[in-house]
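# Report on the structure
One-letter residues, chain by chain:
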Amino acid sequence: MNDPNGFCFFNGKYHLFYQHNPKAPRWGRMYWGHAVSNDLIKWDHHDIALEPDSFWENFLGCFSGSAVINDNELNLIYTGFSIFGQYQLRARSADGFSFIKKSEPVIGPGQLPPGAGPLNFRDPKVFEKNGIFYLIAGSSRKTLRERGTQIALYESDDLDNWKFLGSVLNGRVERGGIFECPDYIRLEERDFLIASPMYLQMNEQLEFENLHSSVYIHGVLDLETPEFETDKPGPDGYRELDGGTDFYAPQTMSAPDGRIIIIAWMQMWKRTIPTKAEGWAGMMTVPRELSCIKGNLIQKPVREIERYCVNRRTHKGIAVSKQLQLPDISGNRIDLEMSIDLSESDDFGLRLFMSENRHNYAELYYDKRKQILFLDRSRALQRIKSLSRLEKQCDRRSTKLDLPDSKLQLRILLDRISLEIFIQGGRQVMSSIICNGDEDGGIEFFSNGRAVITQLDFYDIEI
Ligand code: FRU
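Residues numbered from 1 in each chain as written. Predicted model: local features only at pLDDT ≥ 70, side-chain atom pairs only at ≥ 80, totals over all residues. Heavy atoms only, no water.

## Brief notes about the overall build of the protein
Secondary structure summary: the protein contains 0 helices and 31 strands in total. Against the compact-globule benchmark of 23 Å for 463 residues, the protein has a radius of gyration of 22 Å, which places it among compact chains. Taken along its principal axes, the extent of the C-alpha atoms in the protein is 65 × 45 × 45 Å. Pairs at least 24 apart in sequence give 60% of the contacts found in the protein among residues at least 6 apart. Here the protein displays about 19,900 Å² of accessible surface, and carbon together with sulfur accounts for 46% of that area. Taking the average place of the 56 positive charges on the side chains of the protein and the average place of its 65 negative ones, the gap between the two points comes to 5 Å. (Helix = DSSP H or I, 4+ residues; strand = E, 2+ residues; numbered from the N terminus. Rg over C-alpha atoms; globule rule 2.2 N^0.38 Å. Contact = heavy atoms within 4.5 Å. Areas by Shrake-Rupley, 256 points an atom, 1.4 Å probe, with all protein chains shown as cover. Lys, Arg positive; Asp, Glu negative; His and termini not counted. Charge placed at Lys NZ, Arg CZ, Asp CG, Glu CD.)

What follows is the structure, given as structure tokens:
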């Protein structure tokens, strides 16, 4: 699997579709897989929802897209990749499981955004405002002077007839590529565009180190002009959603209680995939609740996960100098929350997924002087390697983190090969895959000074 698609709540259940190649554990001609859940945590697999059986999908299949509920029907608006190019298609369903495709594209040849190339116009996200449907999609943008990317905006009142309104965001993507999988949300009176730009260059904040990145931009979306007025113009206005090695193509949905939930593909393009040997490739992050503080997006695991957190253990006031393991703290399906006081220490670290012989682990390390949190998976049993010359390494990632009061707050979710780290209450997040042995669940704390774990709450996750 790759991108999450059509993430929605329909007839009392959460539906998550996803890019899927049913024929092999690698990318290929794309179908839409389908999973359904009552609580966003426990998912049931269902039959494939979309397969590439029409002329408009006859090259690389059914690419990414979104869901929109209208007249008690679940509609999927997605990109079909035919030998002539990428167009936007519609499929509808009364029960949420079997879909009927419209025979012609809803945005077809002749309706591309100005300057867009036919091979680069994809990933429609539909949302509704004041009874009107809007659609944003990523595309290339070529003018006489430059090449770039844009997020194109269309409107419709029936989901079939779409009118191009303009481009809400233009960007230069340094080494080609487009904004993939655009999304739009509104939180605390602010509009956010989310997108997955390809080949962004790393910045001074140490963001965008992956080959492709997922970013958000905040400002005001004026649907009439149309224009997205960013609070901080230019690439400086892009903030990375997740600073780990594996997070891409996120999609959001609105839960019935008003929460905005985001989920992402937890993997990255152009890397080796050790799980292929087990016959599968690709997974999703834990769904996260989004909120915002002063324009910064905050991500927290959905609260439903707490129902599956068992065997609580707590510790208070534990001093760490050199290495320390606690006898009741280990496992690789866990939820670990801790506050660390670094006023008497310049550093603090954790080793996770540690093997019994201590050779293999993932390491998280905070360097107070450099103000950087490092994540290092170079000691994993099965190293993941980058297959792109544009990505120097994918063993280590770093996140700038200033701790004015020397207090570090971490919440760490492990699920067998996934590691998701929510830093300072979810202001920053790092997500990575670590391929160690099935049983490798050792947890070790370390510090070269005297760091104090003021509070530690630990749970096994049982699903
Ligand atoms: C992003 C992406 C999308 C495309 C899909 C194809 O990961 O490249 O742009 O629709 O994956 O599987």
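## What to know about the site of the ligand
As a matter of local geometry, the ligand sits amid Asn2, Asp3, Gln19, Trp27, Met30, Phe63, Ser64, Arg122, Asp123, Glu180, Tyr248 and Trp269. Within the contact set of the ligand, an oxygen atom lies 2.8 Å away from a side-chain nitrogen or oxygen of arginine 122. In this structure, glutamate 180 approaches the ligand through a side-chain N or O atom, which is 2.8 Å from an oxygen atom. Relative to its unbound accessible surface of 320 Å², the ligand loses 96% to contact with the protein. If you list the elements that add at least two residues to the shell around the ligand, you get β5 (61–70) and β9 (121–129). Across the shell around the ligand, the residue classes break down as 5 nonpolar, 3 polar and 4 charged. (Near = heavy atom within 4 Å. Polar contact = N/O pair within 3.5 Å; in protein donor to acceptor, adjacent residues only side chain to side chain. Nonpolar A, V, L, I, M, F, W, Y, C, P; charged D, E, K, R; others polar.)

## A short note on the sheet that holds strand β2 (residues 13–20)
The strand order across the open sheet formed by 4 strands is β1-β2-β3-β4, and the pairing between neighbours is antiparallel. With partners counted over all chains shown, the strands left at the sheet margins are β1 (4–10) and β4 (43–50), one partner each. Ignoring which end each strand starts from, the neighbouring axes of this sheet average 25 degrees apart. Relative to β2, β1 runs antiparallel, the two being bridged by 5 bridges. Residue pairing across strands places phenylalanine 10 opposite lysine 13, the latter belonging to β2. (Pairing = 2+ DSSP bridges. Axes fitted to C-alpha atoms, helices over the stretch in contact; angles between N-to-C directions.)

## Thoughts on the nonpolar core
Counting residues in hydrophobic clusters, the biggest one holds 36 residues, and the most contacted among them are Met338, Phe348, Leu410, Ile412, Leu419 and Phe445. Residue assignment for this core shows that the elements contributing at least two residues are β22 (309–324), β23 (333–341), β24 (347–354), β25 (362–367), β26 (372–376), β28 (407–415), β29 (418–423) and β31 (442–461). Top contributing element to this core by residue count: β31, with 6 residues. If sequence neighbours within four positions are ignored, leucine 410 has contacts with Leu336, Glu337, Met338, Ile340, Leu350, Leu364, Ile421, Phe422 and Ile423. Ile41, Val286, Cys309 and Val429 belong to the second largest nonpolar core, which has 21 residues in total. (Core = buried A, V, L, I, M, F, W, Y, C linked by side-chain atoms within 4.5 Å. Buried < 20%, exposed > 50% of the residue type's maximum accessible area, 1.4 Å probe, protein only.)

## Things to note about a nonpolar patch on the surface
On the surface, Phe55, Phe59, Ile83 and Phe84 cluster together into a nonpolar patch covering about 420 Å² of accessible area. If you trace the backbone, phenylalanine 59 turns up in the loop between β4 and β5. Residue phenylalanine 59 is classed as partly exposed on the basis of its relative accessible area, which comes to 41%. (Patch = residues over 30% accessible without salt bridge, like charges linked within 9 Å, V, L, I, M, F, W, Y side chains within 5 Å. Salt bridge = Lys/Arg side-chain N within 4 Å of Asp/Glu carboxyl O.)

## Considerations on unusual backbone geometry
A cis amide bond links threonine 225 with the next residue in sequence, proline 226, at an omega value of -25 degrees. Of note, proline 226 is situated in the loop between β15 (215–222) and β16 (227–230). With phi around 50 degrees, glutamate 188 is a residue other than glycine that occupies positive phi space. Positionally, glutamate 188 belongs in the loop between β13 (179–187) and β14 (190–197). Phi is positive for leucine 206, which is not a glycine, with a value near 70 degrees. Relative to the helices and strands, leucine 206 is located in the loop between β14 and β15.

## What to know about the packing of aromatic side chains
Applying the stated criterion across every chain yields a total of 20 aromatic pairs. Consider the rings of tyrosine 365 and phenylalanine 446, whose centres lie 5.9 Å apart with planes at 5 degrees: the pair is stacked. Here phenylalanine 446 lies in strand β31 and tyrosine 365 lies in strand β25, a separation of 81 residues in the sequence. The positively charged end of arginine 351 is found above the aromatic ring belonging to tyrosine 361, 5.2 Å away from the centroid. (Phe/Tyr/Trp six-rings, centres within 6.5 Å; stacked < 30°, edge-to-face > 60°. Lys NZ or Arg CZ within 6 Å of the ring centre and 35° of its normal.)

## Focus on the environment of aspartate 335
Along the chain, the position of aspartate 335 falls in strand β23. Counting along the chain gives 27 residues from aspartate 335 to alanine 362, while the straight-line C-alpha distance between them is 16 Å. Those residues in contact with aspartate 335 that sit more than four places away from it in its chain are Cys309, Arg411, Ile412, Leu413, Asp457, Phe458, Tyr459 and Ile461. A distance of 2.7 Å separates the side chain of aspartate 335 from the side chain of arginine 411, its partner in a polar contact.

## Comments concerning the confidence of the model for the protein
When the pLDDT values of the protein are averaged, the result is 96; 100% of them are 70 or greater. Looking over the protein, one finds the lowest element-wise mean pLDDT in β16, namely 94, and the highest in β2, namely 99. (pLDDT = per-residue confidence, 0-100.)

## Remarks on the environment of glutamate 278
With respect to the helices, strands and loops of the structure, glutamate 278 is situated in the loop between β19 (260–265) and β20 (288–293). On the basis of relative accessibility, which here comes to 57%, the residue glutamate 278 falls in the exposed class. On a C-alpha basis, the gap between glutamate 278 and aspartate 222 in space is 48 Å, while along the polypeptide they are 56 residues apart. In terms of polar contacts, glutamate 278 uses its side chain to reach the side chain of tryptophan 280, at 3.0 Å.

## Brief notes about the sheet that holds strand β18 (residues 248–254)
Read from one edge to the other, the open sheet built from 4 strands follows the order β18-β19-β20-β21, with strand pairing classed as antiparallel. Each edge of the sheet is formed by a strand with only one pairing partner; in this case those strands are β18 and β21 (296–301). Here the average twist between neighbouring strands, direction ignored, is 40 degrees. Where β20 and β21 come together, 6 bridges link them in antiparallel fashion. Across the sheet, residue isoleucine 293 finds its bridge partner in β21, namely asparagine 296.

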